[in-house]
Amino acid sequence: METKDVILKLRTQHGLSQDELAEKIHVTRQAVSRWETGETVPNTETLKWLSRLFDVSINTLLGSPRKLICQCCGMPLDDSTISKEADGTFNEEYCKWCYTGGQFVYTSLEELTNFLVGHMSNENWPPEQARAFFEAQLPKLHYWQQMKK
């Protein structure tokens, strides 16, 4: 879905006219119209306003061009699982289980690995196999790369 379609859909879902949306985010109705026709795309600051207003990530507003994964546990991210900062803004790097309210939940790779193995292994994916997978994959994620430094 393109940005123009996302904005139109969100605006109508929230029962807002172009004028009402424009007033809420301090732009002109013509700006909203240009976004919805695809003539222009909102600037970064306006995308932040729209993200807060509609409670969706900027990635969603841009038509989800990137496939987001949590940089701590590797889980695929969408608007329902993306973490938020203490001020309520989305943090598109982490899931809400690894990073919540501006704080990381897991401080060691071993702690996260043990949690994931305990919750993700099953009869089709034995604990040893799950552990080997997580021990190979998790260290490649940004959060754990930073922790090494």
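For the structure, see preceding data.
Residues numbered from 1 in each chain as written. Predicted model: local features only at pLDDT ≥ 70, side-chain atom pairs only at ≥ 80, totals over all residues. Heavy atoms only, no water.

Q: Just to check I follow, could you spell out the overall build of the protein for this structure?
A: Scanning the protein from terminus to terminus reveals eight helices and four strands. Counting from the amino terminus, the protein carries its helices and strands in the arrangement α-α-α-α-α-β-β-β-β-α-α-α. Relative to a compact globule of 149 residues, whose C-alpha radius of gyration would be 15 Å, the protein shows 19 Å and is clearly more extended. Taken over the C-alpha atoms alone, the protein extends approximately 60 × 30 × 25 Å along its principal axes. Across the protein, contacts joining residues at least 24 apart in sequence account for 41% of those joining residues at least 6 apart. For the protein, the accessible area works out to roughly 8,900 Å², and carbon and sulfur atoms hold 51% of it. Between the centroid of the 16 positive side chains of the protein and the centroid of its 20 negative side chains there is a distance of 4 Å. (Helix = DSSP H or I, 4+ residues; strand = E, 2+ residues; numbered from the N terminus. Rg over C-alpha atoms; globule rule 2.2 N^0.38 Å. Contact = heavy atoms within 4.5 Å. Areas by Shrake-Rupley, 256 points an atom, 1.4 Å probe, with all protein chains shown as cover. Lys, Arg positive; Asp, Glu negative; His and termini not counted. Charge placed at Lys NZ, Arg CZ, Asp CG, Glu CD.)

Q: Would you explain the nonpolar core in this entry?
A: In summary, soluble globular proteins display a tendency toward joint burial of nonpolar side chains. Of all hydrophobic cores here, the largest spans 21 residues; its most connected members are C70, C72, C73, C98, L112, L138 and W144. If you list the elements that add at least two residues to this core, you get β2 (90-95), α6 (109-120), α7 (127-137) and α8 (142-148). If sequence neighbours within four positions are ignored, C73 has contacts with C95, C98, L112, L116, L138 and L141. (Core = buried A, V, L, I, M, F, W, Y, C linked by side-chain atoms within 4.5 Å. Buried < 20%, exposed > 50% of the residue type's maximum accessible area, 1.4 Å probe, protein only.)

Q: Explanation requested: the side chain of E92 in the structure shown.
A: When you line up the elements, E92 lands in strand β2. Here the side chain of E92 touches N59 through a polar contact of 3.0 Å, landing on its backbone nitrogen. (Polar contact = N/O pair within 3.5 Å; in protein donor to acceptor, adjacent residues only side chain to side chain.)

Q: Before we go on, may I ask you to explain the packing of aromatic side chains in this structure?
A: Centre-to-centre distance and the angle between the planes together describe a pair of aromatic rings. For the structure on display, the rule yields 10 aromatic pairs. Consider the rings of Y94 and Y99, whose centres lie 5.6 Å apart with planes at 35°: the pair is tilted. Each member of the pair, Y94 together with Y99, is buried. Centre to centre, the rings of Y106 and F115 are 5.9 Å apart; their planes meet at 45°, and the pair counts as tilted. (Phe/Tyr/Trp six-rings, centres within 6.5 Å; stacked < 30°, edge-to-face > 60°.)

Q: Looking at this model, I keep getting lost on the environment of G88. Mind explaining?
A: Mapped onto the fold, G88 is located in the loop between β1 (82-84) and β2. Taking the relative accessible area as the measure of exposure, G88 reaches 34% and is therefore partly exposed. In sequence terms G88 and R52 are 36 residues apart; their C-alpha atoms lie 7.8 Å from each other.

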